[in-house]
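# A structural walkthrough
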Amino acid sequence: MNTTARLWAGLAALLAVTFGVLLWMGRELYVQAPPMPERIASADGTILYARSDLDTGREVWQSIGGQQLGSIWGHGALVAPDWSADWLHREATALLDRWATADHGKPFASLDAPTQDALKARLREELRHNGYDPATGTITVSADRAAAIAAVAAHYDRLFGTDAGATALRGEYAMREGTVDTAEHRHELAGFVFWTAWTCVTERPGSTASYTGNWPYDPLVGNVPTPANLIWTVFSVLFLIAGIALLAWHYAAYHAHEPVVVPPATDPLQGLVPTPSMRATQKYFWVVAALFLVQILVGAITAHYQVEKRFYGVELSQYLPYSLTRTWHTQLAVLWIATAWLGTGLYIAPAVSGHEPRFQRLGVNFLFTCLLVIVVGAFAGQWAAVTHRMPLSANFWFGHQGWEYTDLGRFWQVFLFIGLMLWLLLVGRALWPALRRRDDLASITGLLFLSTIAIGLLYGAGLMWGRHTHLSVVEYWRWWVVHLWVEGFFEVFAVAVISFLFVKLGLVQARTATNNVLFATLVFMAGGVLGTFHHLYFTGTPTAILALGASFSALEVVPLALIGLEAHETWSRSRATPWMARYRWPIMFFLAVSFWNLVGAGLFGFLINTPTALYYMQGLNLTPLHGHTALFGVYGMLGIGLMLFCLRGLKPEATWHEGQLRTAFWAMNIGLGLMALLTLLPIGVMQLQAALQEGYWYARSEHFTAQPIVHLLVWLRVPGDTIFAAGALLLAAFIYRLWLVRRN
């Protein structure tokens, strides 16, 4: 068995084992998820909330934006509180004040320290006691706690309604007036939020930790890191060090012996004549530029909502609420990047095989039309849902599902899945002749095709939950889409495409490229598949998920340790021969991918990756620090680089304005860096300090966000955002200029 065959066998075994464990632990999650009660009642038998209230309350929360307006269990938007932590702390303080007034005739804050300590101990015993009865499906709370719940529910009724006394607070949270339309819906929403807070503090049977592993951090109610959290953090760091050492040994032992390739005298791709279907992909890249610009526009509006609800004097939030602009901002990021990669796949497939199937251009054009319909239809449905122009009963199918990055209504999700199946069919039928050949490119072409299959099928994980599926289970399947689909197999696809292009250019031997891609895929997927669990530490999951996530997510960072060597190789190939100047800017964007892979995915990713770090940092600005620099810095730059490679083939006679591309490249990279360093990083560090001192609830509250220094740091996004937007405009102008200006 040769090296390539051994790598294929290893990859097959790895994927079989890791996906087997992923599915097995998913079953455990189904079994051990926090209980959904049939009713929540006080000790005297009064029903506070029925199961139908909790189910409808979650639908109400989803329809107003869900995770795009505040967060639940730490997952979601940064503006507005984490509602689980907010409710928990408000309920705790309401209960303490009730006891203090009843027993001592004064508020809790006015009591002496020993008396306060005694009441705090009583509070922890009260809140952490598990009052759920599996036989009746009832959560029973004391009369005092029922009164505290009613007090917090009244606050939520004022906040999510139109009460004038809560106007200023709604402004801090970037909430529109009448965020929830009726008093009944606000009551049901309060019931759902109470249940999420109950899971955060109630001890799991047989354990001293809550269902969420004592998240969020709030010493007042006894929520502190568990011993398992600390233990697996240590092991996570050890796995990282061991992984880097093994990878460095492999690189030194094998990579140095790769043969030196003499590049050809002329560009092997210069004579490539685009087929009709390849030429039809040009419209995909036009739309990429348009979606990118719109994403930046709604991103600017979303960022502005952090400092004021009015947009430069215009009451824009009533028509484009924060939860909607943030939804569109995050979805457009995925859509334009995915469109760039889909267009690349449709362009590359006939180029790989030299075969143009019948009706291929028709299929490419039909898929393009479907994608436009999905974007327009889904966004219109989300606007209708958030602004109460769609009945709640239709929200799941046509409105706003409320799950970050998977917000599309179910009808549009199914439509998109069908579109991806069509893309898979189009790419597969064009690649088929190359797959049947038994040449040196067979393995790398096979990996390209398998990643295409995975991209198409894994989006189907987003269809695995229903309207009333348990919240923990929804999170499990959602991260299949966000982590495995976006961060996993799209990256395998991109690596295979880039390696194939270097082979076709004569810069790398086919066998060497194949082995390198297979090994890179092995290393990446070794941590990537089970690394999915690090998103699920605090979503009502068992300790085993914490252990697996901590161990394997550390391995995700391992390949990034030697990213500088990869960047050096890429740069060396770009200077190997004079005609490679034609591909200077695609390769520059690939170099930017290496940089942001190290900084955004590596440094900022591992910053929040270990269990203890994420325990304190989840949902703080350190999370989008990683998100922005990894999503655009890695996947966005990859998409742009691949797109520019395709544009070079689509418009070979066009003059590329080097100055325009150079300015665009540096403006986007500098702008992204300024956004990270001037705003996200300092606010994140300040939030972390506030969380450690006061509790997680405080770091996400209006007490923190209303500080002048925080507003100043948000305004400091303007220079970076402006430079970034200028770079994007120049890139879009460059793309459109290739068709609008006829010059050789």
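Conventions used here
Position labels on residues start from 1 in each chain and follow its written sequence. For a predicted model such as this one, the threshold for reporting local features is a pLDDT of at least 70, and the threshold for listing and counting side-chain atom pairs is 80 or more; totals across whole chains, interfaces and linings nevertheless cover every residue. Hydrogen atoms and water are omitted, and side-chain values are computed over all heavy atoms in the structure. Helix and strand assignments follow DSSP, with helices taken as H or I runs no shorter than four residues and strands as E runs no shorter than two, numbered in order from the N terminus. Radius of gyration here uses only the C-alpha atoms, and the compact-globule reference equals 2.2 Å multiplied by the residue count raised to the power 0.38. The criterion used for residue contact is that any of the two residues' heavy atoms lie within 4.5 Å. Each residue gets one of three labels from its accessible area relative to the maximum for its type: buried under 20%, exposed over 50%, partly exposed in between, using a 1.4 Å probe on protein chains only. Aromatic pairing here means that ring centres of Phe, Tyr or Trp (its six-membered ring) are within 6.5 Å. Orientation follows from the plane angle: under 30 degrees is stacked, over 60 is edge-to-face, and everything else is tilted. Each salt bridge in this description consists of a side-chain nitrogen of Lys or Arg and a carboxyl oxygen of Asp or Glu lying within 4 Å of one another. When DSSP locates at least two bridges between a pair of strands, those strands are taken to pair. Axis definition: a line fitted to C-alpha atoms, over the contacting stretch in the case of helices. Angles run 0 to 180 degrees between N-to-C directions. Just so you know how the angles are binned, under 35 degrees is roughly parallel, over 145 roughly antiparallel, 65 to 115 roughly perpendicular, and the rest oblique. Two helices cross in a left-handed way if the nearer one is turned anticlockwise from the farther one by less than a right angle. They cross in a right-handed way if the turn is clockwise. Charged means Asp, Glu, Lys or Arg here, nonpolar means Ala, Val, Leu, Ile, Met, Phe, Trp, Tyr, Cys or Pro, and polar covers whatever is left, Gly included. One fewer than the residue count of a helix, multiplied by 1.5 Å, yields its expected span. Like-charged residues within 9 Å of one another, or nonpolar side chains (Val, Leu, Ile, Met, Phe, Trp, Tyr) within 5 Å, are grouped into patches, provided each residue has over 30% relative accessible area and no salt bridge. Computed by Shrake-Rupley with a 1.4 Å probe, the accessible areas treat only the displayed protein chains as cover when residues are assessed. Confidence of the prediction at every residue is given by pLDDT, a number between 0 and 100. Nine residue types can take part in a nonpolar core, namely buried Ala, Val, Leu, Ile, Met, Phe, Trp, Tyr and Cys, and a core is a set of them joined through side-chain atoms within 4.5 Å.

### Here's the deal with the overall build of the protein
If you tally the helices and strands in the protein, you get 27 helices and six strands. Taken over C-alpha atoms, the radius of gyration comes to 27 Å for the protein, in line with the 27 Å a tight globule of 744 residues would show. Its C-alpha atoms give the protein principal-axis dimensions of roughly 90 × 55 × 45 Å. Within the protein, contacts between residues separated by at least 24 positions form 78% of all contacts whose residues are at least 6 apart in sequence.

### Regarding the environment of Val 201
Positionally, Val 201 belongs in helix 7 (residues 183-201). Here Val 201 falls in the buried class, since its relative accessible area comes to 0%. The spatial distance from the C-alpha of Val 201 to the C-alpha of Arg 128 is 5.4 Å, given a sequence separation of 73 residues. Among all residues touching Val 201, those that are not within four sequence positions of it are Leu 88, Leu 127, Arg 128, Arg 145, Ser 210, Val 221 and Asn 223.

### Observations regarding the packing of aromatic side chains
Under the definition given, this model contains 45 aromatic pairs. The interplanar angle of 65 degrees and the centroid separation of 6.3 Å between the aromatic rings of Tyr 217 and Tyr 615 together place this pair among those described as edge-to-face. Taken together, the positions of Tyr 217 in the loop between helix 7 and helix 8 (227-254) and Tyr 615 in helix 21 (residues 611-617) put the pair 398 residues apart, joining distant regions of the chain. Arranged with centres 5.1 Å apart and planes meeting at 75 degrees, the rings of Trp 656 and Phe 734 form a pair that is edge-to-face. Separated by 78 residues along the polypeptide, Trp 656 in the loop between helix 22 (622-650) and helix 23 (658-694) and Phe 734 in helix 27 (residues 717-740) bring together distant segments of the chain.

### Considerations on the pattern of salt bridges
The final tally for this structure, using the stated rule, is 15 salt bridges. With a shortest N-O distance of 2.6 Å, Glu 59 and Arg 467 are connected by a salt bridge. Pair noted here: Glu 59 is in helix 2 (residues 51-63) and Arg 467 is in the loop between helix 15 (442-458) and helix 16 (471-504), with a separation of 408 residues, a long-range link. Of the residues examined, Glu 59 reaches a relative accessible area of 8% and is grouped as buried. A salt bridge links Glu 475 to Arg 478, with the shortest nitrogen-to-oxygen separation between them at 2.9 Å. In this pair, Glu 475 and Arg 478 both sit in helix 16, three residues apart, roughly one turn of the helix. In terms of burial, Glu 475 and Arg 478 fall into one category: buried.

### Observations regarding the sheet that holds strand 5 (residues 132-133)
A sheet is described by the order of its strands in space; here four strands give the open sequence 2-1-6-5, paired in mixed fashion. Of all strands in the sheet, those with a lone pairing partner are strand 2 (47-50) and strand 5, marking the two edges. Helix 7 contacts strand 1 (39-42), strand 2, strand 5 and strand 6 (138-141) of the sheet and is inclined by roughly 90 degrees relative to strand 2.

### Description of the pairing of strand 6
In the sheet, strand 1 pairs with strand 6 via four bridges, with the strands oriented parallel. In the sheet register, Ala 41 faces strand 6, and the bridge partner there is Thr 140. Where strand 5 and strand 6 come together, two bridges link them in antiparallel fashion. Considered in strand 6, the bridge of Tyr 132 is made with Ile 139. Hairpin geometry of strand 5 and strand 6 is characterised by an intervening segment of four residues between the two adjacent antiparallel strands and by a positive phi of about 70 degrees at Gly 137.

### As for the packing of helix 20 (residues 584-607) against helix 22
Following both chains from N to C, one finds helix 20 and helix 22 inclined at 160 degrees, their axes separated by 8 Å at the closest point. The orientation of helix 20 relative to helix 22 falls into the category roughly antiparallel. For the crossing formed where helix 20 meets helix 22, the hand is left-handed. Class assignment of the residues belonging to the contact of helix 20 with helix 22 gives a composition of 20 nonpolar, seven polar and no charged.

### A closer look at unusual backbone geometry
A cis amide bond links Trp 215 to the next residue, Pro 216, at an omega of 5 degrees. Inspection of the secondary structure puts Pro 216 in the loop between helix 7 and helix 8. Its identity as a non-glycine residue notwithstanding, Phe 359 has a phi of 60 degrees, on the positive side. Here Phe 359 lies in the loop between helix 11 (322-353) and helix 12 (360-386). Judged by its relative accessible area of 58%, Phe 359 is exposed. The phi dihedral of Tyr 405 falls on the positive side, at around 75 degrees, and the residue is not glycine. For Tyr 405, the position within the fold is in the loop between helix 13 (392-398) and helix 14 (410-436). The class of Tyr 405 is partly exposed, set by a relative accessible area of 29%.

### Section: helix 11
With 32 residues, helix 11 ought to run about 46 Å at 1.5 Å a step, and its terminal C-alpha atoms sit 47 Å apart, in line with that. A large share of helix 11 lies buried, amounting to 32 of its 32 residues. Positioned one or two residues after helix 11, Gly 354 has a phi angle of 70 degrees, which is positive.

### Looking at helix 3 (residues 83-104)
In this model, helix 3 (22 residues) spans 31 Å end to end at C-alpha, consistent with the 32 Å of a helix rising 1.5 Å per residue. Of the residues one or two after helix 3, Gly 105 is the one with positive phi, at around 70 degrees.

### Focus on a nonpolar patch on the surface
On the surface, Ile 231, Val 234, Phe 235, Leu 238 and Phe 239 cluster together into a nonpolar patch covering about 440 Å² of accessible area. Mapped onto the secondary structure, Val 234 falls in helix 8.

### Digging into the confidence of the model for the protein
The share of residues in the protein with pLDDT of 70 or more is 95%, and the mean pLDDT across the chain is 89. Between the elements of the protein, mean pLDDT differs from a low of 62, seen in helix 19 (residues 563-574), to a high of 98, seen in helix 7.

### Some words on the packing of helix 11 against helix 12
In the contact formed by helix 11 and helix 12, the axes pass within 11 Å of each other and the chain directions differ by 175 degrees. By the criterion of interaxial angle, the relationship of helix 11 to helix 12 is roughly antiparallel. Of the residues in helix 12, those in contact with Ser 323, Leu 324, Thr 327, Trp 328, Gln 331, Leu 332, Leu 335, Leu 342 and Leu 346 of helix 11 are Val 364, Leu 367, Leu 371, Val 375, Phe 379, Gln 382, Trp 383 and Val 386. Residues that form the contact of helix 11 with helix 12 fall into these classes: 13 nonpolar, four polar and no charged.

### Some thoughts on the pairing of strand 2
For a regular strand, side chains alternate in direction, first toward one face of the sheet and then toward the other. Judged from the three bridges that link them, strand 1 and strand 2 form a sheet pairing that is antiparallel. Paired with Ala 41 across the bridge in strand 2 is Ile 47. The antiparallel hairpin formed by strand 1 and strand 2 contains four residues in its connecting segment, where Gly 45 sits at a positive phi of about 95 degrees.

### A closer look at the nonpolar core
Trp 83, Trp 87, Phe 292, Trp 341, Ile 640 and Leu 647 are the most contacted members of the largest nonpolar core, which totals 245 residues. Broken down by element, the residue count for this core peaks at 23 residues, all from helix 16. Excluding anything up to four places from it in sequence, Trp 87 contacts Tyr 49, Ile 149, Val 152, Ala 153, Tyr 156, Ala 190, Val 193, Phe 194 and Ala 197.

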